Amino acid sequence: MNKTFNHFLLPVDGWMLSAEVLEKIIIFARETKARITVLHLLRDQDMFAVQAEGQVGASERLPENRPQDAEANLKIIATEVMLAGVQCETTYVMDHRLHDVIHHTAAERNCDLILVVPHGQGGIPCFLTGGKSEEDKEEGLALHKIPFVVV
C-alpha cells in the first residue's frame, strides 16, 4: 500500500534551518503536492537557561526564545516555502515537553507526516525518544502514531 502524504509538520526551535535542508523540504512538498505547517517551539527551560545569571556562554549556546523571535523565524521560513509555490502556515507554542507539543500540533492540524531536522543540540532527539528517563522514552515512542522522517 502506497501512502500519500498531504500535510507536513516541520517543528523548528530557533536554530536556523540551512538553505540546503529547507530546499530539500520544499522539493519534497512540491513533488508530493503537500502543504507545510511550521511549528516554532518556545521551550521554558531554554528561556530560563538564557536568562539565568551566572550561566557563562548560555546566550551563545541557545537561540533567542521569545514570541517575537518565533514570529520572525516563522516569517522567514514561510516566505521561502511560499515563494517556491508550496502552501504554508505557521504557529508557535511554548511548552517544555517537545514530543507532546509536536504530536498535539500534528493531530490538531491534521498533519500526516512530521519532518524532523536534528541539529545536535539535544531538543529534537528528545522528541524521538520522549525524554531521558525510561518511562519518558516509553511514553514518547508510544506517541508516534503519525509517521516522521529525519531530514
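Residues numbered from 1 in each chain as written. Predicted model: local features only at pLDDT ≥ 70, side-chain atom pairs only at ≥ 80, totals over all residues. Heavy atoms only, no water.

1. Considering the sheet that holds strand β5 (residues 148-150)
Taken together, the 5 strands give an open sheet; going across it, the order is β3-β2-β1-β4-β5, and neighbouring strands pair in parallel fashion. The sheet terminates laterally at β3 (88-94) and β5, the two strands that pair on one side only. Shown here is a sheet whose adjacent strand axes are inclined to one another by a mean of 25 degrees, direction ignored. In this sheet, β3 lies alongside strand β2 (residues 35-42) in parallel orientation, the contact comprising 7 bridges. Residue pairing for β3: Leu 41 is matched across the bridge by Val 93. Sheet strands touched by helix α1 (residues 19-32): β1 (7-12), β2 and β4 (113-116). Its angle to β1, the strand with the most contacts, is close to 165 degrees. (Pairing = 2+ DSSP bridges. Helix = DSSP H or I, 4+ residues; strand = E, 2+ residues; numbered from the N terminus. Axes fitted to C-alpha atoms, helices over the stretch in contact; angles between N-to-C directions. Contact = heavy atoms within 4.5 Å.)

2. Some points on unusual backbone geometry
Residue Lys 33 is not a glycine yet carries a positive backbone phi of 60 degrees. Relative to the helices and strands, Lys 33 is located in the loop between α1 and β2.

3. Notes on the confidence of the model for the chain
On average, residues of the chain score 76 in pLDDT, and 64% of them are at 70 or above. Low pLDDT, under 50, characterises residues 46-62; the stretch is placed with 15 contacts to residues that sit more than four places away or in other chains. (pLDDT = per-residue confidence, 0-100.)

4. Here we look at the packing of aromatic side chains
Evaluated as defined, the whole model comprises 1 aromatic pair. Taking the centre distance of 4.9 Å and the plane angle of 20 degrees together, the rings of Phe 8 and Phe 28 count as stacked. Placement of the pair is Phe 8 in strand β1 and Phe 28 in helix α1, with a sequence separation of 20 residues. For Phe 28, a relative accessible area of 30% corresponds to the partly exposed category. (Phe/Tyr/Trp six-rings, centres within 6.5 Å; stacked < 30°, edge-to-face > 60°. Buried < 20%, exposed > 50% of the residue type's maximum accessible area, 1.4 Å probe, protein only.)

5. Some words on the side chain of His 40
Considering the arrangement of structural elements, one finds His 40 in strand β2. At a separation of 3.2 Å, a polar atom in the side chain of His 40 contacts the side chain of Asn 73. (Polar contact = N/O pair within 3.5 Å; in protein donor to acceptor, adjacent residues only side chain to side chain.)

6. Thoughts on the nonpolar core
Among the nonpolar cores identified, the biggest contains 22 residues, and Phe 8, Leu 10, Leu 17, Ile 36, Val 38 and Val 81 are the most heavily contacted of them. The set of elements that each furnish at least two residues to this core consists of β1, α1, β2, α4 (67-83) and β4. Ranked by residue count, the leading element in this core is α1, at 5 residues. In this structure Ile 36 touches His 7, Phe 8, Leu 10, Ile 25, Ala 29, Val 81, Val 86, Gln 87, Cys 88 and Glu 89, once residues within four positions along its chain are discounted. Core analysis: the next-biggest nonpolar cluster, separate from the first, contains 11 residues, Leu 41, Leu 98, Cys 111 and Ile 146 among them. (Core = buried A, V, L, I, M, F, W, Y, C linked by side-chain atoms within 4.5 Å.)

7. What about helix α5 (residues 98-108)?
When α5 is considered as a whole, its buried residues turn out to be Leu 98, His 99, Val 101, Ile 102, His 103, Thr 105 and Ala 106. Of the residues trailing α5, Asn 110 is marked for its positive phi of about 60 degrees.

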